[in-house]
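# Structural features, examined
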Amino acid sequence: MRKRVLACLLPLAAVSGLLVTRTAPTSADAPEAAAQDSTRIAVGPQYDTTHVYVEPGKVPAFTASWKATFGGTNTAVSVTDVTPTPSRTKSELIFSPVGTLSVFDFQTPVPYPFGTERTGWLVTSMDVGIRHARASGADVIVSPFPDPLGQDAVIQFPGGVNTQIYWHTKAPAYKPLETVPENRVYVSPDAVSAFLRSYLRFTGGSIVSDTPKADAGEIGLPGKTYRRIRLTSPFGKTVVTVSDGHLPYPFGREVTGYQVANLATTLGKARAAGATVLWGPRPSAGRNSALVKFPGGYIAEIHDGASR
């Protein structure tokens, strides 16, 4: 029997009562049930992993660089199948104080649309998660498929933002993060309204700030402005960049932003561990920010200071 493991390959801890199957809401209860579903489908940001697809053979170098920069631990590398059709990948999970990562080094071609999903979100019920995604206006682009620990699916929000959701029969138990990372989303002006409606309804989120003329130097375009929207939800933080697509490299390539106590210190650790600072550090929006490329090709935004 071909081994399938969830994209994040979470080690199990038998914590009873965290993940349970929910009964479908009736049509008469739909509005109230939708609001309830949006809070109960999220488990916690420490279970929401950024999906990192590294260059072939670079998992050890990436893992060592990441841990030297942020600290943390990692699981053993496993060769397995994490897709509903035959494939093989080396995979591991990295736990760090600033966020959890699922790392993949595919040994076979990556089946579509895998590789386009940004994150994996743990949900309390796959059935409720799928119903809620559709009710929120998201597409289910990979229908649920089984693995030994539960189920996985991939959904797409308006604007082409792909997210994997997963469910475990038995719940894992992780410590809360020291700082909650930001999901960094780039959408067009044409798609932003539909994206916000769908994303906020699915996540049970709210708008923290909506700045229509933020300093575009924050995205490599000094002297211009752009719309920046900050969101929060039970799944964590999100920064939405509304862009015309005229972006200098590497903006738009970073899918997650990580908060640290001191950016200069962190960048020093990153450089010493083989990472490259592609942009910054630069003061922006009440904090200092930089974009960093780690061995294996993963690009991350790193910042300190308070978000606003």
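Below: a short report on this structure. (Residues numbered from 1 in each chain as written. Predicted model: local features only at pLDDT ≥ 70, side-chain atom pairs only at ≥ 80, totals over all residues. Heavy atoms only, no water.)

## Focus on the pairing of strand β7 (residues 139-147)
Put simply, the test is: Only when DSSP finds a minimum of two bridges between them are two strands counted as paired. A run of DSSP states H or I qualifies as a helix once it reaches four residues; a run of E qualifies as a strand once it reaches two. Both are numbered from the N-terminal end.
Relative to strand β8 (residues 150-157), β7 is paired through six bridges, and the arrangement is antiparallel. Bridge assignment links Asp147 to a residue of β8, and that residue is Gly150. Connecting the antiparallel pair β7 and β8 is a turn made up of two residues.

## Brief notes about unusual backbone geometry
At the junction of Tyr112 and Pro113, the peptide bond is cis and its omega measures out at 0° in the coordinates. Along the chain, Pro113 falls in the loop between β5 (99-106) and β6 (119-122). Here Tyr249 and Pro250 are connected by a cis peptide whose omega angle stands at 5°. With respect to the helices, strands and loops of the structure, Pro250 is situated in the loop between β13 (236-242) and β14 (256-259).

## Some thoughts on the side chain of Thr50
Counted only if it meets this: Any N or O atom pair separated by 3.5 Å or less is treated as a polar contact, with the protein-specific requirement of one donor-capable and one acceptor-capable atom, and with residues adjacent in sequence counted only for side-chain atom pairs. Residue contacts follow a heavy-atom distance rule, with two residues in contact if any of their heavy atoms lie within 4.5 Å.
In this fold, Thr50 is placed in strand β1 (residues 49-53). Of the polar contacts made by the side chain of Thr50, one reaches the side chain of Thr256; its length is 2.8 Å. Dropping the residues within four chain positions of it, Thr50 is found in contact with Thr100, Leu101, Ser102, Arg118, Thr119, Val255, Thr256, Tyr258 and Tyr298.

## Observations regarding the pattern of salt bridges
Cut-off, in case you're wondering: Here, a salt bridge means any Lys or Arg side-chain nitrogen found within 4 Å of an Asp or Glu carboxyl oxygen. Only protein chains enter the calculation, and the probe is 1.4 Å; a residue is then buried if its accessible area is under 20% of its type maximum, exposed if over 50%, and partly exposed in between.
Scanning the model with the defined rule gives nine salt bridges in all. For Glu182, the salt bridge identified is with Arg184, shortest N-O distance 4.0 Å. Across the salt bridge formed by Arg230 and Glu182, the nearest N and O atoms sit 3.5 Å from each other. With Arg230 in strand β12 (residues 225-233) and Glu182 in strand β10 (residues 182-187), this residue pair connects regions lying 48 residues apart in the sequence. The class of Glu182 is buried, set by a relative accessible area of 3%. Via salt bridges that share partners, Glu182, Arg184, Arg230, Glu254, Arg287 and Glu301 belong to a single interconnected network.

The values reported here are purely geometric and, on their own, carry no functional implication.
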